[in-house]
Amino acid sequence: ISATLYLYLILEKSGQKIYHAAPGAEGEIMIDLRNEENKRSIELIFYPTRSIYVTFSDDDIPKQGNYSVQMLTGLLEWLNLSKRE
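The rules we used
Throughout, a residue's number is its position along its own chain's written sequence, starting from 1. Selection of residues for local features in this predicted model requires a pLDDT of at least 70, selection of side-chain atom pairs for listing and counting requires 80 or more, and totals for whole chains, interfaces and linings are taken over all residues. As a rule here, side-chain values come from all non-hydrogen atoms in the structure, and water together with hydrogens is ignored. Note on aromatic contacts: the rings of Phe and Tyr and the six-membered ring of Trp form a pair at centre separations within 6.5 Å, being stacked when their planes are under 30 degrees apart, edge-to-face when over 60 apart, and tilted otherwise. Only runs of H or I of at least four residues qualify as helices and only runs of E of at least two qualify as strands under DSSP, and these elements are numbered from the N terminus. Three exposure classes are used, based on accessible area relative to the maximum for each residue type with a 1.4 Å probe and protein chains only: buried under 20%, partly exposed in between, and exposed over 50%. For a Lys NZ or an Arg CZ to count as sitting over a ring, it must be within 6 Å of the ring centre and within 35 degrees of the ring normal. Side-chain atoms within 4.5 Å are what join buried Ala, Val, Leu, Ile, Met, Phe, Trp, Tyr and Cys residues into a set we call a nonpolar core. Contacts between residues were defined by any pair of non-hydrogen atoms, one from each residue, lying within 4.5 Å.

(A) The packing of aromatic side chains, seen in detail. Under the definition given, this model contains one aromatic pair. Measuring from centroid to centroid gives 5.7 Å for Phe 46 and Tyr 67, while their planes differ by 85°, and the two rings are edge-to-face. Placement of the pair is Phe 46 in strand S3 (residues 40-46) and Tyr 67 in the loop between strand S5 (60-66) and helix H2 (72-79), with a sequence separation of 21 residues. The exposure class assigned to Tyr 67 is buried, which follows from its relative accessible area of 11%. Above the face of the Tyr 47 ring, Arg 50 is positioned so that its terminal group lies 4.9 Å from the ring centre.

Right, dumping it as structure tokens:
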């Protein structure tokens, strides 16, 4: 819970909106970030003992990996990258 609260505070300060947040059956919390303009999204899933990310894009296959807060800047840059770039 503390990791998701910290993430929420960072996202609020940066202006990145959370599309959806939900608890899971295994005690996890899922945060869904979307950029509908370029059809990309990121799911951040916080389990009690680890965190993962999954990226989704219309022009690529989903990618998944272990998440750490140090990755947030890169993930948000990917999410908000213009289709023209």
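(B) Layout of the nonpolar core. Counting residues in hydrophobic clusters, the biggest one holds 13 residues, and the most contacted among them are Leu 7, Leu 33, Leu 44 and Tyr 67. Secondary structure elements with two or more residues in this core: helix H1 (2-14), strand S2 (29-35), S3 and H2. Examining the composition of this core, we find that four residues originate from one element, H2, more than from any other. In contact with Tyr 67, not counting residues within four places along its chain, are Leu 7, Leu 44, Phe 46, Ser 51, Ile 52, Tyr 53, Leu 72 and Leu 75.

Function-wise, these values are silent; they only describe arrangement.
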